[in-house]
Amino acid sequence: MSFFTAVCCLSACEKVVIEEEDMAAPNSVLSVVTRADDGLKVSYPITVYVFEGQECQAIQTLGEEAEALNIPLVEGTYTVCAIGGAQASRYNLPTKEEATPTTPITLKEGMDHGDLMTAKSTVTLADGETNQLTLSMSRKVMQLTDITIKKIPKNVTAVSVTILPLWASLSIDGTYYQPGSSHVIELEQDDIPQTTWSSETQDYIMPPSDEGATIQVKLTTAEGSKTYAYNYSEKLEANYQLDIEGIYTEAIGVTLTGTLTGTNWAGKKTIKFDFDESGNTTGTPDNETPENGNANGGSEDNDNNNETNTFIVDNIPAANTAFMGCYVLSSKISSDANSAELLLLSPKQQEKVLTGEEDNGTKSSKINAAVSNCSEDGIENWRLMTLNEMNNILISNLSTIRTKLESMGQTAISIGECYIYNRNDTYALYYVTSSGNDNYGKYDKNSIVRPVATVTVKKR
């Protein structure tokens, strides 16, 4: 592995007004410069946050390796966090007043991730001492390098690939933030052969927020669209490049010096799978990357409801586990144990959908829009819960469901607030308590939409 080294020191970047009797003028600085070894490139700009406890004391940005960084500090213990590759044009960077170690670095609207690297270290600075600090920059993203789907029927007009569930972004201290995101890549039809669709993308993506990942292939024709899902169960980690191939078969001045080192890509993973019109999806072994994923396939815009939301799996998910990024509220296994009907809870919810002043048409429009906003790609027929489902599935197992949702990084069901549900084909509010309290008549305790979907899974 090649390394970048950077010598880091602190000097003045902000004007600090201090009473002379409280503090003497700084007599040393921390300087930061960088240089490259063996062609390895650390991602610039590098934004350095310095924290004392939860309070941000200073922020400075190193635009390129030839620049130096200067930050004044008083003696004490500090946490130094560095983020590489987070351009201000691409990311919402917290200000000094907003920043804590766990504050997220979020993408601006319409932007995709860059080659993000982070580092974190704690240092104690004493009056008049020179302190050496080494910050090793670790890459926090994966890179998609090639996506190819072969043997696509000639009547297909568009092909896209979606990867989910992914972490949405990072916090300043380098921890991942907000699970359940996704990334969509639109493929283009090759000239030769025209049955191959591909993208030589160089997109950076966050790693999956679950142990594995679901890869969805969506085929669009004049009649509609169908989506096929492949469940890859191996762990995908940051600092790997990813190829995907599918085949349609049918305080007082102190001195701190330091080093920044960047990491090379740890390797490349290739995921290969076949899928066909019947919904069967199988993984194929690859010498470069072991394939031990589970496979499942489904369809979109299908007139046959028995085929819609049907997935092929290796193992039937149990209740209170995750499936395709959703929470499994119930799993009704068939008598032969080869299939099951799953009731899935969306990981997303929308609050304050209704005010109580809407007419029936407006109420229906708002609820339908909220259900659509909370739906998950690759799964159809999202709807409100029924009263029976609220009482016999959600409320009867509420404590376990809340705990499991929190452990999965998803929004827990709120106690003391109202959820909109389907009561005999009308809309009503269910006031959630530990024992349940349906048909709440006011709108002073929220009006939340958290949809569910019924899917069928069949063992291969």
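Preceding this section is the structure that the text describes.
What comes next is a walk through the structure. Bear in mind that the values here come from a model prediction, so they are computed numbers and not experimental data. Each chain has its residues counted from 1, following the order in which its sequence is written. Since the coordinates come from a predicted model, pLDDT governs what is reported: local features require at least 70, and pairs of side-chain atoms require 80 or more to be given and counted, while whole-chain, interface and lining totals use all residues. Side-chain metrics rest on all non-hydrogen atoms present in the structure, leaving aside hydrogens and water.

## As for helix 2 (residues 387-394)
And then number 1: Every buried residue of helix 2 is accounted for by Glu 389, Met 390, Ile 393 and Leu 394. Summarising the axial view, the buried residues of helix 2 lie within an arc of 110 degrees, below the 170-degree limit, and thus occupy one face. Note on exposure labels: buried denotes an accessible area under 20% of the residue type's maximum, exposed denotes more than 50%, and partly exposed covers the range between, all computed with a 1.4 Å probe on protein chains only. Helix and strand labels come from DSSP, where a helix needs a run of H or I of at least four residues and a strand needs a run of E of at least two; each type is numbered from the N terminus. Relevant arc is that of directions from the helix axis to the C-beta atoms, nothing else.

## What about the pairing of strand 34 (residues 452-459)?
And then number 1: At least two DSSP bridges between two strands are needed for those strands to be called paired. Pairing of strand 27 (residues 310-313) with strand 34, which is carried by four bridges, proceeds in the parallel orientation. Paired with Val 313 across the two strands is Lys 459, which belongs to strand 34.
And then number 2: Two strands pair when backbone bridges link them, and strand 30 (residues 339-345) and strand 34 are joined in this way by seven bridges, in the antiparallel orientation. Bridged to Leu 342 within strand 34 is Val 455.

## Some thoughts on the environment of Gly 110
And then number 1: Secondary-structure assignment places Gly 110 in the loop between strand 8 (104-107) and strand 9 (117-125).
And then number 2: The spatial distance from the C-alpha of Gly 110 to the C-alpha of Arg 90 is 8.9 Å, given a sequence separation of 20 residues.

## Regarding the pairing of strand 33 (residues 437-440)
And then number 1: One ladder, built from two bridges, connects strand 32 (residues 426-431) with strand 33; its direction is antiparallel. From the neighbouring strand, Tyr 431 faces strand 33, where its bridge partner is Asn 437.
And then number 2: Remark: five residues form the turn of the hairpin made by strand 32 and strand 33, two consecutive strands paired antiparallel; Gly 436 in that turn has positive phi of roughly 90 degrees.

## Overview of the side chain of Lys 363
And then number 1: If you trace the backbone, Lys 363 turns up in helix 1 (residues 360-373).
And then number 2: Counted as positive: Lys and Arg. Counted as negative: Asp and Glu, with His and the chain ends omitted from the count. Salt bridge, as applied in this entry: a Lys or Arg side-chain nitrogen positioned within 4 Å of an Asp or Glu carboxyl oxygen. We note that Lys 363 is buried and unpaired, the nearest opposite charge coming from Glu 358 at a distance of 6.1 Å.
And then number 3: What Lys 363 contacts, discounting residues up to four positions off in sequence, is Leu 354, Glu 358, Tyr 427 and Tyr 443. The contact criterion used throughout is that any non-hydrogen atoms of two residues lie within 4.5 Å.

## Considering the nonpolar core
And then number 1: In these notes, a set of buried Ala, Val, Leu, Ile, Met, Phe, Trp, Tyr and Cys residues joined through side-chain atoms within 4.5 Å is what counts as a nonpolar core. Formed by 28 residues in total, the largest nonpolar core has its most connected members in Phe 311, Phe 323, Leu 342, Leu 344, Ile 379, Ile 420 and Val 457.
And then number 2: Those elements that provide at least two residues to this core are strand 27, strand 29 (326-333), strand 30, helix 1, strand 31 (418-423), strand 32 and strand 34.
And then number 3: With 27 residues, the next largest nonpolar core counts Ile 147, Leu 219, Tyr 232 and Phe 273 among its residues.

## With respect to the sheet that holds strand 7 (residues 91-92)
And then number 1: If you walk across this open sheet you meet the four strands as 7-8-14-15, and the pairing is antiparallel. Here the strands that pair on one side only, and so sit at the sheet edges, are strand 7 and strand 15 (176-177).
And then number 2: Sheet topology places strand 8 next to strand 14 (residues 169-171); two bridges connect them, and they run antiparallel. Paired with Ile 105 across the bridge in strand 14 is Leu 170.

## Considerations on the pattern of salt bridges
And then number 1: All told, the structure shown has five salt bridges when counted by the stated rule.
And then number 2: We note a salt bridge from Arg 139 to Asp 115, for which the minimum N-O separation is 2.7 Å. Pair noted here: Arg 139 is in strand 11 (residues 138-139) and Asp 115 is in the loop between strand 8 and strand 9, with a separation of 24 residues, a long-range link.
And then number 3: Overall, the relative accessible area of 14% leaves Asp 115 in the buried class.

## Some points on the environment of Glu 357
And then number 1: Inspection of the secondary structure assignment puts Glu 357 in the loop between strand 30 and helix 1.
And then number 2: By relative accessible area, which is 73% here, Glu 357 ends up exposed.

## Comments concerning the sheet that holds strand 29
And then number 1: Read from one edge of the open sheet, five strands run 27-34-30-29-28, paired in mixed fashion. At either margin of the open sheet sits one strand with a lone partner, and together these are strand 27 and strand 28 (322-323).
And then number 2: Relative to strand 30, strand 29 runs antiparallel, the two sharing six bridges. Residue pairing for strand 30: Ile 333 is matched across the bridge by Ala 340.
And then number 3: Those strands touched by helix 2 are strand 29, strand 30 and strand 34, and its axis lies near 90 degrees from that of strand 29.
And then number 4: Under this scheme, a helix contributes an axis fitted over its contacting stretch, all axes are lines through C-alpha atoms, and angles between N-to-C directions fall in the 0 to 180 degree range. With respect to the sheet, helix 3 (residues 398-407) is in contact with strand 29 and strand 30, its orientation differing from that of strand 29 by roughly 130 degrees.

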